[in-house]
Amino acid sequence: MKSIVITGSSSGIGKATAKYFAEKGWKVAATMRKPEKETELGNLDNISLYQLDVTDQASIDAAASQIISDFGSVDVVLNNAGYGLIGPFEAATDEQIRYQFDVNVFGLMAVTKAFLPHFRANKAGMFLNVSSIGGLITFPLISLYHSTKWAVEGFSESLAYELGELGIQVKLIEPGGVATDFGGRSMVLAMDENLPDYNEMVAKMQAAMGSTGGGSTAEFLAEGIYAATTDGKKQMRYIIGPDAEQTWAMRQQAGDDQFIAGMRQRMLG
Ligand SMILES: NC(=O)c1ccc[n+]([C@@H]2O[C@H](COP(=O)([O-])OP(=O)(O)OC[C@H]3O[C@@H](n4cnc5c(N)ncnc54)[C@H](OP(=O)(O)O)[C@@H]3O)[C@@H](O)[C@H]2O)c1
């Protein structure tokens, strides 16, 4: 039986993916910050819950060694946990900026490091890192979230070379908009009332964002992640969702400068 470890399994893409893999007969380690609050996943066949906060090294080490001991072998790690810090860069506190990187970048790296010795010993394994179409293009006023996802892109792409030599794969998942808790409790808006210069831009951006569609379902993402895991391809990036595909096609056709001018016009014009 194949096995997968998923971070951020309490909701959204992580939860839907845990269920999808379990239904396909995989053993799933659904990790989350507060497993005691999870009422659904723990009752499903093939799913075990583990406590893991990606910003807490002790919890990462404890979960990794417990999962490897319980499962015997792990095949795939899905680095999914993440949230979005948005708003004007100048309005974000140093603490907010650091925590955004702690979760989305350093947390992902720490989880990767925790499972690497196991994958190296097995000469096999796959890291699937959840980035975003926002790891390949940008929207205005999201510089901090984007910078974490662009970091995940560079980290994953370069890491894939060295781990590829050891029989370990790294792949990137690039969702477009997905209807999860991401736009609600997982989005932090940095605002500072002493910086009114940004107010009009923020209002325009919020209006433009509000008029875009709801995006894909978390279940659609789970299917795409399963396909990326099992397709046997040496493919680096999986752009998942019609909106993400369209945006990426536009970026490639228009080139950087024309795309950026169009985005400025659409969001702030
Ligand atoms: N939804 C979208 O439109 C979209 C688009 C592109 C990329 N993504 C990416 O997809 C991933 C999953 O997001 P989602 O859309 O499924 O949103 P979500 O439903 O809000 O799920 C976010 C998950 O991350 C977890 N998390 C946050 N901080 C954590 C920490 N320190 N340690 C462990 N887990 C932590 C949350 O756990 P708690 O319940 O404990 O808070 C939750 O399980 C993120 O990396 C996000 O950047 C989402």
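Shown above is the structure to which this text applies.
All values reported here derive from a predicted model rather than from experimental measurement.

(A) Summary view of the environment of L78. Tracing the backbone through its elements, the reader meets L78 in strand β4 (residues 76–79). Sequence separation between L78 and T7 is 71 residues, and the spatial gap between their C-alpha atoms is 6.5 Å. Aside from chain neighbours lying at most four places away, what touches L78 is I4, V5, I6, T7, T17, L128, V130 and I225.

(B) Seen up close, the nonpolar core. Counting residues in each nonpolar core, the largest one holds 32 residues, and the members touching the most others are I67, V77, F115 and F127. The set of elements that each furnish at least two residues to this core consists of α2 (57–71), α3 (94–122) and α4 (143–164). Considering each element in turn, this core owes the most residues, 7 residues, to α3. Other than its neighbours up to four places away in sequence, V77 contacts V5, V111, F115, F119, M126, F127 and L128. Within the second largest apolar cluster, 29 residues are counted, among which are I4, L41, V130 and I240.

(C) A look at helix α1 (residues 12–23). Between the first and last C-alpha of α1 there are 17 Å, a value that for 12 residues agrees with the 16 Å anticipated at 1.5 Å per step. Of all 12 residues in α1, 9 are buried; the element is thus mostly enclosed. Residues of α1 that are buried: I13, G14, K15, A16, T17, A18, Y20, F21 and A22. In this fold, the buried residues of α1 make contact with β1 (3–6), β2 (27–32), β3 (47–51), β4, β7 (169–175) and α6 (218–230). Looking one or two residues beyond α1, the residue adopting positive phi is G25, at roughly 90 degrees.

(D) Representation of the side chain of S132. Along the chain, the position of S132 falls in the loop between β6 (126–130) and α4. Its relative accessible area of 10% is what places S132 among the buried residues. Only 2.8 Å separates the side chain of S132 from the backbone nitrogen of G134, close enough to count as a polar contact. Dropping the residues within four chain positions of it, S132 is found in contact with Y145, K149, E153, I173, E174 and P175.

(E) Structural detail: the side chain of T148. Tracing the backbone through its elements, the reader meets T148 in helix α4. Note on T148: relative accessible area 0%, which makes it buried. The residues contacting T148, other than those within four sequence positions of it, are Q100, F101, N104 and V105.

(F) Representation of α6 in the model. In this model α6 runs 18 Å from its N-terminal to its C-terminal C-alpha over 13 residues, within 8% of the 18 Å that 1.5 Å per residue would give. If you follow the buried residues of α6, they end up packed against α1, β4, β6, β7 and β9 (237–240). Immediately beyond the C-terminal end of α6, within one or two residues, lies G232, with a positive phi of roughly 70 degrees.

Scoring rules and cut-offs
- Residues numbered from 1 in each chain as written.
- Predicted model: local features only at pLDDT ≥ 70, side-chain atom pairs only at ≥ 80, totals over all residues.
- Heavy atoms only, no water.
- Helix = DSSP H or I, 4+ residues; strand = E, 2+ residues; numbered from the N terminus.
- Contact = heavy atoms within 4.5 Å.
- Core = buried A, V, L, I, M, F, W, Y, C linked by side-chain atoms within 4.5 Å.
- Buried < 20%, exposed > 50% of the residue type's maximum accessible area, 1.4 Å probe, protein only.
- Expected span 1.5 Å × (residues − 1).
- Polar contact = N/O pair within 3.5 Å; in protein donor to acceptor, adjacent residues only side chain to side chain.

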